[in-house]
Amino acid sequence: MGFDLRFQFLLLLRRLPQVLAIIVAATGAGIVVAFSLPPVYRAEARLLAESPQIPDELAASTVRSSAEEILGAIQQHLLTRENLLDLAQRFGIYAESSAMPADVMVEDMRRRIRIEMPPFQQSTGLVTVSFDAANPEDSAEVTQALVAQILEQNVEMRTAASGGTLAFFQQEVKRLSEEMAQQNARILEFESQNRAALPESLEYRRTRQSAQQERLLQVDRELAGLRDRRQRLAEVYDRTGRIGPSLGTLTPEQARLEQLRQELASALVMFSPENPRVRALQVQVEALEEAVRQQLGGGTGAGKMSAFDLQVADIDGQIAFLAEQKVLLEHELAEIAASIDATPANAIVLGQLRSDYDNLRLQYDQATQSLADARMGDRIEETARGQRITVLENAAAPSGPAAPNRKLIAAAGFGAGVVLAGALVFLLELLNATVRRPAELVAALDIKPFGTVPYMETRADAVQERMRIGAGIAVILLGLPLALYLVDLYLIPLSELLAIAAEKVGLTSWAERLRPGTLG
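Presented here is a report on the structure given in the accompanying data block. Predicted model, so just to flag it, every value in this text is computed and none were measured.

### A closer look at the overall build of the protein
Then comes step 1: Along its length, the protein carries 15 helices and four strands.
Then comes step 2: Looking at the protein as a whole, 31% of its 520 residues qualify as buried.
Then comes step 3: Across the protein, contacts joining residues at least 24 apart in sequence account for 77% of those joining residues at least 6 apart.
Then comes step 4: When the accessible area of the protein is evaluated, it comes to approximately 32,400 Å², of which 58% is carbon and sulfur surface.

Listed below in structure tokens is the structure:
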């Protein structure tokens, strides 16, 4: 059983009243919905995110956030609960719906506000700001208020960022300056406490040590010479009674004493010490020695020093002076040796202190340079010479509503009617199991008849069929719009109902287009 185009066309003609009724009813419903939705006015303002006016090679701003990031942050600030409620109260958006919950107001305000930011890598940084309202004046005023907030917050965010950077580096420079002063004080204190063992004077102290060691050896030699000289002078004096070997300047008593000493020496060679002659010579020698001492001033009551005593005192004075010098030299050499031994450890500590100071100095120089850059960046932001957002076109009251698209909704109703009519015809044909063609009879009974006689419809059957079709069409044409009207009036607005249906099937964009005008 093949496809019979003529039969299908006849069936369509037979079902044409139902098809037309469904299409007309769906189109009528679409028209009712389209014209029942309140108008939504949308005022738009265009902003431009401009590039910095001063090249970064000459002077760079310290605000490194891109325009897209800043606009994203501004958008989040605009859509906060407090700001949205403030806008709604300031412009009386919900003055006629004072009992509306605050959460519903916030959610509706967020649906109405549109901030379109295309990818900045693929565009010139154009930003569109709009607000949907029930009348054009409210739309323009709220849109302009949003634009003013965007410009204000952009300036505040950028100046706050540059000002925060400037304040940070000012504190950092101050902190590093104080730490450098403290570190410098530690270095000076250490150098003051160890000024005799600093590495800078090590070469001088080593040279001084060598010189003082040579001086000590010279003092030792001089001391040895003076001590030897004193000993020889005492021996000569004890042996001869004078301080020199020459006889040309002797007094008679001294000459006589020398002669008696020679005779005593000769007698001792020949006689024993107990010999009277020897004893007599000894007595004479002792008497003359006393007389010579008296002549030389060696008497106990004379109050004068002999030449021997003068020379011995002079030598003793030199020995005492050199001994004192030796002690001083040994003490100085000990101090020099101790300072030389302590120099390596002091050099390590001093090197660490100076290294810390150099590190602080390097950080201070870097912070000073960063502070200069921060001052320049803050100046750029204060004078609006960096990246900025300017208004290309202010919001104006629209001359006509932007939504809903009544033609599109009516066309959608017509399309839905065509689909429903086609589905109805297909369903009726699918459920109809009656035999209406000879081919169906052959297929059903598996016989080949000699002929077929079609069903002969009477006049009464035709009238009844027409009445039934007319009643169905009337019900569809009148009942469906009436039902929609009653639903919109007593149950739920049609726009809200359509928005809910669109959300259920996943058409979120259609739901947002249908919903804004319901709370105006």
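### Brief notes about the sheet that holds strand E4 (residues 388-393)
Then comes step 1: In spatial order, the strands read E2-E3-E1-E4; together these four strands make up an open sheet with antiparallel pairing. Two strands bound the open sheet, and with one partner strand each, they are strand E2 (113-116) and E4. Averaged over neighbouring strand pairs, the angle between their axes works out to 25° when direction is ignored.
Then comes step 2: Bridge analysis of strand E1 (residues 41-50) against E4 gives five bridges, and the strand direction is antiparallel. Looking at E4, one finds that Ala-49 is bridged to Ile-389.
Then comes step 3: In the packing of helix H6 (residues 136-193) onto the sheet, contacts are made with E1, E2, strand E3 (126-133) and E4, and the angle to E3 comes to roughly 140°.

### Focus on the environment of Ala-280
Then comes step 1: Within the element layout of this structure, Ala-280 appears in helix H9 (residues 276-295).
Then comes step 2: Along the backbone, Ala-280 and Leu-264 are 16 residues apart, and their C-alpha atoms lie at a distance of 9.2 Å.

### A word on the packing of helix H4 (residues 81-90) against H6
Then comes step 1: It is at 11 Å that the axes of H4 and H6 come closest, and there the two elements cross at 140°. In terms of their interaxial angle, H4 and H6 are classed as oblique. For H4 against H6, the interelement crossing comes out right-handed. Each of Asn-83, Leu-87 and Arg-90 in H4 lies in contact with H6, whose residues at this interface are Ala-145, Leu-146 and Gln-149.
Then comes step 2: For the contact of H4 with H6, a count of residues per class yields three nonpolar, two polar and one charged.

### Some thoughts on the side chain of Asn-346
Then comes step 1: Position of Asn-346 relative to the elements: it lies in helix H10 (residues 307-382).
Then comes step 2: A distance of 3.1 Å separates a polar side-chain atom of Asn-346 from the backbone oxygen of Ala-197.
Then comes step 3: Residues contacting Asn-346, with those up to four places away along its chain left out, are Phe-190, Asn-194 and Ala-197.

### Some details on helix H3 (residues 67-78)
Then comes step 1: Compared with an ideal rise of 1.5 Å per residue, which puts twelve residues at 16 Å, H3 spans 16 Å between its outermost C-alpha atoms and is within 8% of the ideal.
Then comes step 2: Packed against the buried residues of H3 are E1, H4, E2, E3, H6 and E4.

### Considering a nonpolar patch on the surface
Then comes step 1: A cluster of nonpolar side chains, contributed by Leu-16, Leu-20 and Val-24, occupies part of the molecular surface with about 230 Å² of accessible area.
Then comes step 2: Here Val-24 lies in helix H2 (residues 16-36).
Then comes step 3: Classification of Val-24 as partly exposed rests on a relative accessible area of 44%.

### Here we look at the packing of aromatic side chains
Then comes step 1: For the structure on display, the rule yields one aromatic pair.
Then comes step 2: Judged by centre distance (5.2 Å) and plane angle (75°), the rings of Phe-168 and Phe-169 are edge-to-face.
Then comes step 3: Residue Phe-168 is classed as partly exposed on the basis of its relative accessible area, which comes to 46%.

### Concerning the pairing of E2
Looking along a regular strand, one sees side chains alternate from face to face of the sheet.
Then comes step 1: Residues Ile-113 and Ile-115 of E2 are buried on one face, while the alternating residues Arg-114 and Glu-116, pointing to the opposite face, are not.
Then comes step 2: With four bridges connecting them, E2 and E3 associate as antiparallel partners. Bridge pairing in E3 links Ile-115 to Val-129.

### Here we look at the pattern of salt bridges
Then comes step 1: Inspection of the entire model under this criterion finds 19 salt bridges.
Then comes step 2: Between Asp-132 and Arg-114 there is a salt bridge whose closest N-O contact spans 3.5 Å. One end of the pair, Asp-132, is in strand E3; the other, Arg-114, is in strand E2, with 18 residues separating them in the sequence.
Then comes step 3: A salt bridge links Glu-179 to Arg-175, with the nearest nitrogen and oxygen atoms 2.8 Å apart. One end of the pair is Glu-179 and the other is Arg-175, both in helix H6 and four residues apart, which spans about a single turn.
Then comes step 4: Salt bridges sharing common partners tie together Arg-42, Arg-114 and Asp-132.

### Structural notes on the nonpolar core
Then comes step 1: Formed by 33 residues in total, the largest nonpolar core has its most connected members in Ile-93, Met-109 and Val-129.
Then comes step 2: If you list the elements that add at least two residues to this core, you get E1, H3, H4, helix H5 (102-112), E2, E3 and H6.
Then comes step 3: Per-element accounting of this core gives the leading share, six residues, to H6.

### Brief notes about the packing of H3 against H6
Then comes step 1: Running from N to C, H3 and H6 cross one another at 125°; their axes reach a closest spacing of 10 Å. As far as their axial angle goes, H6 and H3 are oblique. In this structure, H3 meets H6 at a crossing whose hand is right-handed. Counted together, Ile-70, Leu-71, Ala-73, Ile-74, His-77 and Leu-78 of H3 and Leu-146, Gln-149, Ile-150, Gln-153, Asn-154, Met-157 and Arg-158 of H6 form the full contact between these two elements.

### Quick look at the side chain of Thr-128
Then comes step 1: By the element assignment, Thr-128 lies in strand E3.
Then comes step 2: Owing to a relative accessible area of 15%, Thr-128 belongs among the buried residues under this scheme.
Then comes step 3: Ignoring any residue separated from it by four or fewer positions in sequence, one finds Thr-128 in contact with Glu-44, Ala-45, Arg-46, Arg-114, Ile-115 and Glu-116.

### Considerations on the pairing of E1
Then comes step 1: By the bridge criterion, eight bridges tie E1 to E3 in an arrangement that is antiparallel. Residue pairing for E3: Arg-42 is matched across the bridge by Asp-132.

The rules we used
- Residues numbered from 1 in each chain as written.
- Predicted model: local features only at pLDDT ≥ 70, side-chain atom pairs only at ≥ 80, totals over all residues.
- Heavy atoms only, no water.
- Helix = DSSP H or I, 4+ residues; strand = E, 2+ residues; numbered from the N terminus.
- Buried < 20%, exposed > 50% of the residue type's maximum accessible area, 1.4 Å probe, protein only.
- Contact = heavy atoms within 4.5 Å.
- Areas by Shrake-Rupley, 256 points an atom, 1.4 Å probe, with all protein chains shown as cover.
- Pairing = 2+ DSSP bridges.
- Axes fitted to C-alpha atoms, helices over the stretch in contact; angles between N-to-C directions.
- Parallel < 35°, antiparallel > 145°, perpendicular 65-115°, else oblique.
- Left-handed = near helix turned anticlockwise from the far one by under 90°.
- Nonpolar A, V, L, I, M, F, W, Y, C, P; charged D, E, K, R; others polar.
- Polar contact = N/O pair within 3.5 Å; in protein donor to acceptor, adjacent residues only side chain to side chain.
- Expected span 1.5 Å × (residues − 1).
- Patch = residues over 30% accessible without salt bridge, like charges linked within 9 Å, V, L, I, M, F, W, Y side chains within 5 Å.
- Salt bridge = Lys/Arg side-chain N within 4 Å of Asp/Glu carboxyl O.
- Phe/Tyr/Trp six-rings, centres within 6.5 Å; stacked < 30°, edge-to-face > 60°.
- Core = buried A, V, L, I, M, F, W, Y, C linked by side-chain atoms within 4.5 Å.

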